[in-house]
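Each chain, written out:
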Amino acid sequence: MSKIDPRDYADLIQRPILTEKATRMMELNQFTFDVAPKATKPQIKAAIEELFKVKVIGVNTQNPPRKKRRVGKFVGFKPCYKRATVTLTDGDSIRKLLFPEV
């Protein structure tokens, strides 16, 4: 396991996901983020706990398959990404920090 400097935690978590499913999961105290593709579950857990000052009890990750992208006769791929769903303890919430207008 590679150690990561606590100053690099902000680079692991790229952005929160705000979809219908992610909004429903917020009621169950689960939050979804796009994270760096090389990030591991312990690194994601440490980053969320350090950045938002909450207690994480579980991290689930998904690596969706790459999608093709075609420009004229050239075929390439869209950038790959990793999605993490983080479950927090009861009483902890980062909803107000992520979405102040909600």
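Residues numbered from 1 in each chain as written. Predicted model: local features only at pLDDT ≥ 70, side-chain atom pairs only at ≥ 80, totals over all residues. Heavy atoms only, no water.

Counted only if it meets this: UniProt positions are given in the numbering used here, feature names are shortened, and annotations may be inferred rather than shown by experiment.
Looking at an unreviewed UniProt entry, one finds the protein chain named Large ribosomal subunit protein uL23 and attributed to Phormidium nigroviride PCC 7112. As its UniProt record puts it under Sequence similarities (unreviewed entry), the protein chain is described as follows: "Belongs to the universal ribosomal protein uL23 family." Its UniProt record gives the protein chain a comment under Function (unreviewed entry), which states: "One of the early assembly proteins it binds 23S rRNA. One of the proteins that surrounds the polypeptide exit tunnel on the outside of the ribosome. Forms the main docking site for trigger factor binding to the ribosome."

## Some words on the packing of aromatic side chains
Just so we agree on the cut-off: Classification of ring pairs rests on two measures: the distance between centres of Phe, Tyr or Trp rings, Trp counted by its six-membered ring, which must be within 6.5 Å, and the angle between planes, read as stacked under 30 degrees, edge-to-face over 60 and tilted in between. Think of it this way: any DSSP run of H or I at least four residues long counts as a helix, any run of E at least two long counts as a strand, and we number them from the N terminus. Per-residue accessibility, obtained with a 1.4 Å probe over protein chains only, is compared with the maximum for each type, and a residue is labelled buried under 20%, exposed over 50%, and partly exposed between these values.
The tally for this structure, following the rule as stated, stands at one aromatic pair. Relative to F52, the ring of F33 has its centre 6.1 Å away and its plane inclined at 25°; by these criteria the two rings are stacked. With F33 in strand β2 (residues 30-35) and F52 in helix α3 (residues 41-52), the pair connects residues that are 19 residues apart, well separated along the chain. Taken as a pair, F33 and F52 share a single burial class, namely buried.

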